[in-house]
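Structural features, examined
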Amino acid sequence: MRFTGNIEAKTDNKGRVFLPAYFRRILQSEGCDRLFLRKDPYQQCLVLYPDATWNKLVDELRGRLNRWNAKDQMLFRMFVTDAEELTIDSNGRILLPKRYRDMTGITQEVRFLGMDDTIEIWSNDKLEQSFMGIEDFGSELEKVMQREKGEEHGE
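Residues numbered from 1 in each chain as written. Predicted model: local features only at pLDDT ≥ 70, side-chain atom pairs only at ≥ 80, totals over all residues. Heavy atoms only, no water.

What the chain contains, in helices and strands, is six helices and eight strands. Secondary structure elements of the chain, listed N to C terminal, follow the sequence β-β-α-β-β-α-α-β-β-α-β-β-α-α. Residue pairs in contact within the chain that sit at least 24 positions apart in sequence constitute 59% of those at least 6 positions apart. Surface accessibility of the chain: about 10300 Å² in total, with carbon and sulfur atoms responsible for 50%. Mean positive and mean negative side-chain charge positions of the chain (24 and 28 charges, respectively) differ by 7 Å. (Helix = DSSP H or I, 4+ residues; strand = E, 2+ residues; numbered from the N terminus. Contact = heavy atoms within 4.5 Å. Areas by Shrake-Rupley, 256 points an atom, 1.4 Å probe, with all protein chains shown as cover. Lys, Arg positive; Asp, Glu negative; His and termini not counted. Charge placed at Lys NZ, Arg CZ, Asp CG, Glu CD.)

See the structure below:
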């Protein structure tokens, strides 16, 4: 399942927003009817995870953490309990809970970004801050593409 694109939308006064039809078609073609939502740990956006992607991510995180280490347990607890399961209503909308909208500054104008196996939801005001300049983009892309496979992401 791959999502691409940059699609504008508007929330209503209850925080409901139409999930773009393009993304709904991809989800339907994969038989996905459950989504998980959480705030991105690094950016001021929300991330929608299809259930298969979410389950894979939780399994990977669990596999890297020790159940008998207090800090690992706190990390896992925070990651998992800060997520919420969403369903797409019969009109194609999802509800963005108020706490998530408050965390990310989402008011009315939003942008859905397809990010491979997830979908990001941004406030239009915050989105531009998340991109690098075109010159930096070209330079960084060149560095990444010249790395050997398996090479660490360091400088």
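That was the structure; now back to the text.
This next bit is on the packing of aromatic side chains. Per the stated rule, a full pass over the model turns up five aromatic pairs. A centroid spacing of 5.4 Å and a plane angle of 15 degrees characterise the contact between Phe-36 and Trp-54, whose relative ring orientation is stacked. You can see Phe-36 sitting in strand β3 (residues 34–39) and its partner Trp-54 sitting in helix α2 (residues 51–64), a full 18 residues away along the chain. Of the two residues, Phe-36 and Trp-54, neither departs from the other in class, the shared state being buried. Counting every residue linked through ring pairs, the aromatic cluster contains Phe-36, Tyr-49, Trp-54 and Phe-79. Over the face of the ring belonging to Phe-76 we find Arg-62, whose NZ or CZ atom lies 3.9 Å from the ring centre. The ring of Tyr-100 has Arg-99 lying over it, and the distance from NZ or CZ to the ring centre is 4.3 Å. (Phe/Tyr/Trp six-rings, centres within 6.5 Å; stacked < 30°, edge-to-face > 60°. Buried < 20%, exposed > 50% of the residue type's maximum accessible area, 1.4 Å probe, protein only. Lys NZ or Arg CZ within 6 Å of the ring centre and 35° of its normal.)

We now examine the environment of Pro-50. Mapped onto the secondary structure, Pro-50 falls in strand β4 (residues 46–50). Classification of Pro-50 by relative accessible area gives buried; the value is 1%. Expressed as a C-alpha distance, the spacing of Pro-50 and Ile-119, which sit 69 residues apart in the sequence, is 8.8 Å. If we skip the residues at most four places from it in the chain, Pro-50 touches Met-1, Phe-3, Leu-27, Cys-32, Arg-34, Leu-35 and Asp-117.

Between the first and last C-alpha of helix α3 (residues 70–81) there are 16 Å, a value that for twelve residues agrees with the 16 Å anticipated at 1.5 Å per step. Capping the start of α3, Asn-69 holds a side-chain oxygen 3.0 Å from the backbone nitrogen of Lys-71, two or three residues further along. (Expected span 1.5 Å × (residues − 1). Polar contact = N/O pair within 3.5 Å; in protein donor to acceptor, adjacent residues only side chain to side chain.)

It is worth spelling out the packing of α2 against α3 at this point. Between α2 and α3, the least distance of the axes is 11 Å, while the angle of their chain directions is 170 degrees. With respect to their mutual orientation, α2 and α3 come out roughly antiparallel. Contact residues: Trp-54, Leu-57, Val-58, Leu-61 and Arg-62 in α2; Gln-73, Phe-76, Phe-79 and Val-80 in α3. Grouping the amino acids of the contact of α2 with α3 by side-chain chemistry returns seven nonpolar, one polar and one charged. (Axes fitted to C-alpha atoms, helices over the stretch in contact; angles between N-to-C directions. Parallel < 35°, antiparallel > 145°, perpendicular 65-115°, else oblique. Nonpolar A, V, L, I, M, F, W, Y, C, P; charged D, E, K, R; others polar.)

Once that is clear, we can look at the nonpolar core. Formed by 21 residues in total, the largest nonpolar core has its most connected members in Leu-48, Phe-112 and Ile-121. Where this core is concerned, the elements lending two or more residues are α1 (21–29), β3, β4, β7 (109–115) and β8 (118–123). Looking at this core, the element that brings in the most residues is α1, giving three residues. Setting aside anything within four residues of it in sequence, one finds Phe-112 in contact with Gly-5, Asn-6, Ile-7, Ala-9, Val-17, Phe-18, Leu-19, Pro-20, Phe-23, Ile-119, Glu-120 and Ile-121. (Core = buried A, V, L, I, M, F, W, Y, C linked by side-chain atoms within 4.5 Å.)

Once that is clear, we can look at the confidence of the model for the chain. For the chain, the average pLDDT comes to 90, and 94% of its residues sit at 70 or higher. Summarising per-element confidence for the chain, the mean pLDDT is lowest in helix α5 (residues 124–127) (78) and highest in β4 (97). (pLDDT = per-residue confidence, 0-100.)

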